[in-house]
Amino acid sequence: MALPVAFFALFFAYPVAAIVGRGLRADGAWRFGRIGAVLSRPDILDVLWFTTWQALASTALTLLIALPGAYVFARFDFPGKHLLRAVVTVPFVLPTVVVGTAFLALLGRGGLLDELWGVRLDTTVWAILLAHVFFNYAVVVRTVGGLWSQLDPRQEEAARVLGAGRLAAWRRVTLPALAPAVAAAALMVFLFTFTSFGVVQILGGPAYSTLEVEIYRQTAQLLDLPTAAVLTLVQFAAVGGILAVHAWTVRRRETALKLVDPAQTSRPPRGAGQRALLGGVLLSVLLLVLLPLGVLVERSLDTSGGYGFAFYRALQSADANGSTFLVPPLDAIGNSLRYALAATVIALVVGGLAAAALTRRRAGRLVRGFDALLMLPLGVSAVTVGFGFLITLDRPPLDLRTSWILVPLAQALVGVPFVVRTMLPVLRAVDDRLREAAAVLGASPLRAWREVDLPLVRRAVLVASGFAFAVSLGEFGATVFIARPDNPTLPVAVARLLGRSGELNYGQAMALSTILMLVCAVSLLVLERIRTDRSGEF
């Protein structure tokens, strides 16, 4: 535990505490009265209200659209099912900046809807809600569909034999078994939409602001640290409550259920009703998932002189159309890959050691409490972490402001929870007697781990590496503060291009977003090939 604790204390707790301290301390004394003063402001109350109700609306809409998809992927067998299952997961690993860019190309000025029917939905709440459904569709399909595919259908069939109708049998037999999984999926969707940043910033415009966006505005634009500190505490408390409820639902999900091999429950759709349901799900996937991605690619090729690769070629020049980039935007690809690889290594080391500590049966309450600590980066604004890096890691022996390692360290904070959640179930499944047998035969603890644990968790390590890489590649909230102008990452470069007017800047943003999407999609397809049953589900 020593290295993970030191890592989180130095690169997470210290920067966040410094930001909050600067906001709530004045003249050497704590000013807790600022909390009430900030939370009573009408503009802040509007932000809190919008953050909450849009998250609730996004969650309800996602469940409404994705639950039929979860059933189809769980119960139906049709050509291309595994490929389509991987495709619908692509949005989840995409950076939010790319998601916002894709929907901007579909719903914004000059987008597909604007060209066909003269309709624009950017700067409206509908664009935000649809983008959130796009981003979180896979969470419901994976979480609920994964359990649904393993439920024994004979239980529902027995209820129907005893006289229950199809709806009544589903409501009284299947739904209670699925309820914990549905609740867990709903809470995760609510968490992701409650802390939404890139999507709201790009699609919402100045009219809409979530807590995360407001923290960024108060910190980066207004330099109002007291307000930012209060909002950080509010977000931290709210997300902490969400994670606590999520942990409770996960424990309920672990109650005994009669599970079967998913291959036994999947069959081709029969009858007009099932075929219509399959067609409706495929249509929703086409419109909500494939269409935005396709429009993003199309806009990256649509130049004033016709379709071509002019925008991609322009990425090689730093001063194309008066760009403020100190280096060609194309260099952001290499920067992002290097940063993501370094962040993946850090996340694997820290997360792997943490997971190993949490699997020890003799672990005390302190070690078990460390499990909750690992999830805290998901509950604190990435903007706060990034700005905290700048004001804390600025003096020897940790003057890292000009060091390239600063970006991977921030990205690794987000990757560690994914590593732990992927490796922990597999490590817990390793029989302790195997380690004890190796020790009896004279193996040292290190050799026992190398000969016993590593072969059993190798695939989980690969899956964890893939998730950490994809998440690090798309991290934006913290990186936007600490990435140097001469070494931008892909998400930062996209945001800079979208912030400038002109067809060339817009086209370059679409081109960079397409490249980032393809890199994430390739990473996910590789994961689909190496994933295991224990580590492959969300």
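Calculation rules
- Residues numbered from 1 in each chain as written.
- Predicted model: local features only at pLDDT ≥ 70, side-chain atom pairs only at ≥ 80, totals over all residues.
- Heavy atoms only, no water.
- Helix = DSSP H or I, 4+ residues; strand = E, 2+ residues; numbered from the N terminus.
- Buried < 20%, exposed > 50% of the residue type's maximum accessible area, 1.4 Å probe, protein only.
- Contact = heavy atoms within 4.5 Å.
- Phe/Tyr/Trp six-rings, centres within 6.5 Å; stacked < 30°, edge-to-face > 60°.
- Polar contact = N/O pair within 3.5 Å; in protein donor to acceptor, adjacent residues only side chain to side chain.
- Salt bridge = Lys/Arg side-chain N within 4 Å of Asp/Glu carboxyl O.
- Axes fitted to C-alpha atoms, helices over the stretch in contact; angles between N-to-C directions.
- Parallel < 35°, antiparallel > 145°, perpendicular 65-115°, else oblique.
- Left-handed = near helix turned anticlockwise from the far one by under 90°.
- Nonpolar A, V, L, I, M, F, W, Y, C, P; charged D, E, K, R; others polar.
- pLDDT = per-residue confidence, 0-100.
- Core = buried A, V, L, I, M, F, W, Y, C linked by side-chain atoms within 4.5 Å.
- Patch = residues over 30% accessible without salt bridge, like charges linked within 9 Å, V, L, I, M, F, W, Y side chains within 5 Å.
- Areas by Shrake-Rupley, 256 points an atom, 1.4 Å probe, with all protein chains shown as cover.
- 1 Å grid on protein atoms, 1.4 Å probe; cavity = no way out; pocket = protein on both sides within 12 Å on 5 of 7 lines; lining within 4 Å.
- Points joined across faces, edges and corners; volume = space filled by probe spheres on them.
- Expected span 1.5 Å × (residues − 1).

Some remarks on the overall build of the chain
Thinking step 1. Secondary structure assignment for the chain yields 24 helices and four strands.
Thinking step 2. Across the 538 residues in the chain, those meeting the buried criterion constitute 52%.
Thinking step 3. Once local pairs closer than 6 in sequence are excluded, the contacts in the chain between residues at least 24 apart make up 79%.

Some details on the packing of aromatic side chains
Thinking step 1. Under the counting rule described, the total for this entry stands at 17 aromatic pairs.
Thinking step 2. Both rings, one in F8 and one in F12, keep their centres 6.4 Å apart while their planes meet at 75°; by these two values the pair is edge-to-face. Within this pair, F8 and its partner F12 are both found in helix α1 (residues 2-24), separated by four residues, close to a single helical turn.
Thinking step 3. Under the relative-accessibility criterion, F12 is labelled buried at 6%.
Thinking step 4. Each ring, one from Y71 and one from F76, has its centre 5.5 Å from the other, and the planes form 75°; the classification is edge-to-face.

Some remarks on unusual backbone geometry
Thinking step 1. Despite not being glycine, L223 has its phi angle at roughly 55°, a positive value.
Thinking step 2. Since its relative accessible area comes to 61%, L223 is described here as exposed.

Observations concerning the side chain of T210
Thinking step 1. By the secondary structure assignment, T210 is in the loop between α10 (198-203) and α11 (211-221).
Thinking step 2. There is a polar contact of 2.7 Å between the side chain of T210 and the backbone oxygen of S196.
Thinking step 3. When near neighbours in sequence (up to four residues on either side) are disregarded, T210 contacts V47, F50, T51, Q54, S196 and V200.

Some words on the environment of V385
Thinking step 1. Here V385 lies in helix α18 (residues 382-392).
Thinking step 2. According to the relative accessible area criterion, V385 is buried, its value standing at 6%.

A word on the pattern of salt bridges
Thinking step 1. Throughout the structure, instances matching the rule amount to five salt bridges.
Thinking step 2. For E214, the salt bridge goes to R217, with nearest N and O atoms at 2.8 Å. With E214 and R217 both in helix α11, this residue pair falls three residues apart, about one helical turn.
Thinking step 3. Residue E214 is classed as buried on the basis of its relative accessible area of 3%.
Thinking step 4. Note that E298 and R299 form a salt bridge whose closest N and O atoms lie 2.3 Å from each other.
Thinking step 5. Taking relative accessible area as the criterion, E298 reaches 22% and is therefore assigned partly exposed.

Describing the packing of helix α19 (residues 406-428) against helix α21 (residues 445-474)
Thinking step 1. Two elements in contact, α19 and α21, have axes whose closest approach is 8 Å; the angle formed by their N-to-C orientations is 150°. Compared by their axis directions, α19 and α21 come out roughly antiparallel. For the crossing formed where α19 meets α21, the hand is right-handed. Residues Q411, V414, G415, F418, V419, T422, M423, V426 and L427 of α19 form the contact with α21, whose participating residues are D453, L456, V457, A460, V461, V463, A464, F467, A468, V471 and S472.
Thinking step 2. Residues that form the contact of α19 with α21 fall into these classes: 15 nonpolar, four polar and one charged.

Things to note about the confidence of the model for the chain
Thinking step 1. Residues at a pLDDT of 70 or more form 89% of the chain, whose mean pLDDT is 81.
Thinking step 2. Highest mean pLDDT in the chain belongs to helix α3 (residues 42-75) (93); lowest belongs to helix α13 (residues 262-265) (64).
Thinking step 3. Every residue in residues 532-538 is under pLDDT 50, and counting partners more than four places away or in other chains gives 21 contacts.

Here's the deal with the nonpolar core
Thinking step 1. Core analysis: the largest hydrophobic core is formed by 160 residues, its most contacted members being F7, L94 and F389.
Thinking step 2. A total of 15 residues in this core trace back to one element, the largest contributor, which is helix α7 (residues 125-148).
Thinking step 3. Apart from residues no more than four positions distant in its own chain, L94 is found in contact with V99, F134, F135, L293, M517 and C520.

Regarding a nonpolar patch on the surface
Thinking step 1. A contiguous nonpolar patch, built from L3, V345, V349 and L353 and spanning about 320 Å² of accessible area, is present on the exposed surface.
Thinking step 2. For the nonpolar patch, the leading source of residues is helix α16 (residues 331-358), giving three residues.
Thinking step 3. Looking at the element boundaries, V349 is found in helix α16.
Thinking step 4. Judged by relative accessible area, V349 falls into the partly exposed class, the value being 39%.

Some words on the layout of surface pockets
Thinking step 1. Roughly 630 Å³ of internal volume is contained in the second largest pocket.
Thinking step 2. Y71, W148, E156, R166 and W170 are, among the 20 residues lining the second largest pocket, the residues nearest its centre.
Thinking step 3. Listed by contribution, the elements that provide at least two residues to the lining of the second largest pocket are α3, α7, α8 (153-161), α9 (166-194) and α14 (271-301).
Thinking step 4. Tallying contributions element by element places α9 first for the lining of the second largest pocket, with seven residues.
Thinking step 5. In the lining of the second largest pocket, the residues fall into 12 nonpolar, two polar and six charged.

Overview of the packing of α7 against α14
The relative placement of two packed helices comes down to the angle between their axes together with the axis-to-axis distance.
Thinking step 1. Packing of α7 against α14 leaves a shortest axis separation of 10 Å and a crossing angle of 105°. When the axes of α7 and α14 are compared, the pair comes out roughly perpendicular. Together, L130, V133, F134 and Y137 of α7 and V281, S284, V285, L288, V289, P292 and L293 of α14 make up the contact between the two elements.
Thinking step 2. Along the lines of polarity and charge, the residues of the contact of α7 with α14 split into 10 nonpolar, one polar and no charged.

Digging into the side chain of T101
Thinking step 1. Note that T101 resides in helix α5 (residues 96-107).
Thinking step 2. Judged by its relative accessible area of 0%, T101 is buried.
Thinking step 3. Not counting residues within four places of it along the chain, the set of residues in contact with T101 comprises I202, L296, V494, L498, A509, M510 and S513.

Structural notes on helix α4 (residues 81-93)
Thinking step 1. The end-to-end C-alpha distance of α4, which contains 13 residues, comes to 19 Å, matching closely the 18 Å that a straight helix rising 1.5 Å per residue would cover.
Thinking step 2. Burial within α4 is extensive, with 10 of its 13 residues counted as buried.
Thinking step 3. By the burial criterion, the buried members of α4 are K81, L84, R85, A86, V88, T89, V90, P91, F92 and V93.

A few points about the environment of A495
Thinking step 1. Checked against the element boundaries, A495 lands in helix α23 (residues 490-498).
Thinking step 2. When the C-alpha positions of A495 and G198 are compared, they lie 9.0 Å apart, and in sequence the two are 297 residues distant.
Thinking step 3. Residue contacts for A495: discarding those within four places in its chain leaves V97 and F476.

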